[in-house]
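Residue-level structural notes
Letter by letter, the chains look like this.
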Amino acid sequence: MIGSVLIANRGEIALRIARGARECGIRSIAVYSEPDRLAPHVLAADEAYCIGPAASAESYLRGDALIDLARRVGAEAIHPGYGFLAERADFARAVEEAGLIFVGPSADTIAAMGDKTEARRRMQDAGVPIVPGLTEALEDTAEAERAAAEIGFPVLLKASAGGGGKGMRVVEEPAELARAFEAASREAVAAFGDGSVYLERYLSKPRHIEIQVLGDAHGNVVHLAERECSIQRRHQKLIEEAPSPVLTPEERAAMGETAVRAAEAVDYRGAGTVEFLYQDGEFFFLEMNTRLQVEHPVTELVTGIDLVEWQFRVASGEALPFGQDDIGIDGHSIECRVTSEDPFGGFLPSTGTVRYLEIPSGPGVRWDGGIVTNGEVGLHYDPLLGKLIVHGPDRSTAIARMRRALDELQIVGVETCVPFHRRVMDEPDFQEGRLTIRYLEQHPDVLEPAASDGGGLAAAVAAALLEERHRSERAPRLGDTGGRPLPAWRSTGWPWNVAR
Ligand code: ADP
């Protein structure tokens, strides 16, 4: 097993990786931007180093500085988490050229899957069904018109370098195409520095179903079944579950085998996800994410396989000791992404100080969070505060458990999307598993506050406790170091006894 790892990330995922490292006996080295100096991931790691000011471009995205630091502090490996540098092929290459281990697939694999048109070509060659459409970027509007006429409206324009739902435009009819093509290209240049755009058929009512894969450096690849991620807003996932409420065992096997074929076609190593759109029993390759996903915990809870541990083991050169037949699904798991966004105010980001935090517990509940009481929630980073994940013997138990855990979760001081999650858990179509990626369009009521929604007794108690603490509060605010910088420290235990 590798002996040490630098975690090139922040927030809940950096904490998740630090936890995994500790369990594996790996020395963990956190990095942080100035405002993150007392963030949970910093306190959880064995060592932590400041790498710059708040702006990501001057801190978490400084690949060269991170590699330099890793060498100076004797880290053997770098774990990129998700986002930031996780899918930058040039970063993965630079890590390996510096003689360090990149916890993830090879730079060539990342590059092949990072370009949507190249990925589509590679998948088509491997016999993986792709959404009908082009496999090359469009030259001009005239070509877009010809291609769209052939595929049939509506079509979806997509940035070849796209990610995070950016650079996409649905085009319903020919008259809209030229304008949409120009807009998508412009958006792609702004977001990715590459204006290449292609088009594919826009499916009317698909589900987003993705398959977790795990490969080693010895040519073994298995799949860990699916996650259903259809509840999305603007092509961004909000709720995920495993297994999908609709797949039959035969469909699961077929999609799983296809995902393994996709991974093998790019010599996949480590944990990755093959995303599909599923409609009327057919499924089409969407993209492959060459990293750990936000929603990986639901897979961990139903398969019993710790994905971060296996990322470390594979990066250390270990062969997978289990085959496809050893992997089963136990019960049902659901994840709600808890973001600092106001669901009843157009999901506008909210900022502030977390004045009170109550984390749910009890049977079958897991919280992967990145916030602490008195911590600041700003606008510099992703609004994901944490993920509430439940596991139960079946889907209806998992829903009841999530409802209970959402009631227990109290975050005071910043708006969160928790009330939205409560609404979805109570909504009959969700409860019956009738989901498509257009769920929110079809259920605008879940974006309205419920008449009964006051948060219940727990919220009242939280407010009373907060009030009481305000009155007696003498303690300095978290993050207040009297102006002294905290360049690096070694923490002696989990999570609060920090020796500086
Ligand atoms: P990104 O890389 O930006 O996340 P994806 O290709 O993964 O983009 O698509 C993100 C989401 O957009 C999907 O989960 C789905 O909701 C929607 N989407 C993408 N392609 C299509 C399509 N051809 N038809 C309908 N919806 C689509």
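Residues numbered from 1 in each chain as written. Predicted model: local features only at pLDDT ≥ 70, side-chain atom pairs only at ≥ 80, totals over all residues. Heavy atoms only, no water.

A few points about the overall build of the protein
When helices and strands are tallied, the protein shows 16 helices and 24 strands. The C-alpha atoms of the protein give a radius of gyration of 23 Å, which matches the 23 Å a tight globule of 500 residues would have. Structurally, the protein occupies a C-alpha span of about 70 × 60 × 45 Å along its principal axes. Residues classed as buried in the protein amount to 56% of the 500 residues present. Total accessible area on the protein stands at roughly 20400 Å², and carbon and sulfur atoms take up 48% of it. Averaging the coordinates of the 52 positive side-chain charges in the protein and doing the same for the 77 negative ones gives two points 5 Å apart. (Helix = DSSP H or I, 4+ residues; strand = E, 2+ residues; numbered from the N terminus. Rg over C-alpha atoms; globule rule 2.2 N^0.38 Å. Buried < 20%, exposed > 50% of the residue type's maximum accessible area, 1.4 Å probe, protein only. Areas by Shrake-Rupley, 256 points an atom, 1.4 Å probe, with all protein chains shown as cover. Lys, Arg positive; Asp, Glu negative; His and termini not counted. Charge placed at Lys NZ, Arg CZ, Asp CG, Glu CD.)

Observations regarding helix α13 (residues 418-425)
For α13, the buried fraction is high: seven of the eight residues fall into the buried class. Those residues of α13 that sit buried are V418, P419, F420, H421, R422, V424 and M425. Buried residues in α13 make contact with β10 (221-233), β11 (236-242), β14 (332-339), α12 (395-408), α14 (428-432) and α15 (439-442). (Contact = heavy atoms within 4.5 Å.)

Quick notes on the domain arrangement of the protein
Size of an interface: often given as the accessible area lost when the parts come together. Taken domain by domain, the protein comprises domain 1 (4-103), domain 2 (132-201) and domain 3 (207-447). Each of domain 2 and domain 3 has a C-alpha centre, and the two are 28 Å apart. Taken together, the contact between domain 2 and domain 3 spans six residues of the former and four residues of the latter. Buried surface at the junction of domain 2 and domain 3, both sides included, amounts to about 390 Å², of which 57% is carbon and sulfur. The largest contributions to the domain 2 side of the interface with domain 3 come from P132, G164 and M168, which together make up 50% of the buried area. Put simply, domain 2 and domain 3 have zero salt bridges between them. Counting every contact that joins domain 2 to domain 3 gives zero residue pairs in polar contact (both at pLDDT 80 or more). When its residues are assigned to classes, the side of domain 2 that touches domain 3 shows two nonpolar, two polar and two charged. (Domains from an automatic or database assignment. Buried area = accessible area lost by both parts, 1.4 Å probe. Salt bridge = Lys/Arg side-chain N within 4 Å of Asp/Glu carboxyl O. Polar contact = N/O pair within 3.5 Å; in protein donor to acceptor, adjacent residues only side chain to side chain. Nonpolar A, V, L, I, M, F, W, Y, C, P; charged D, E, K, R; others polar.)

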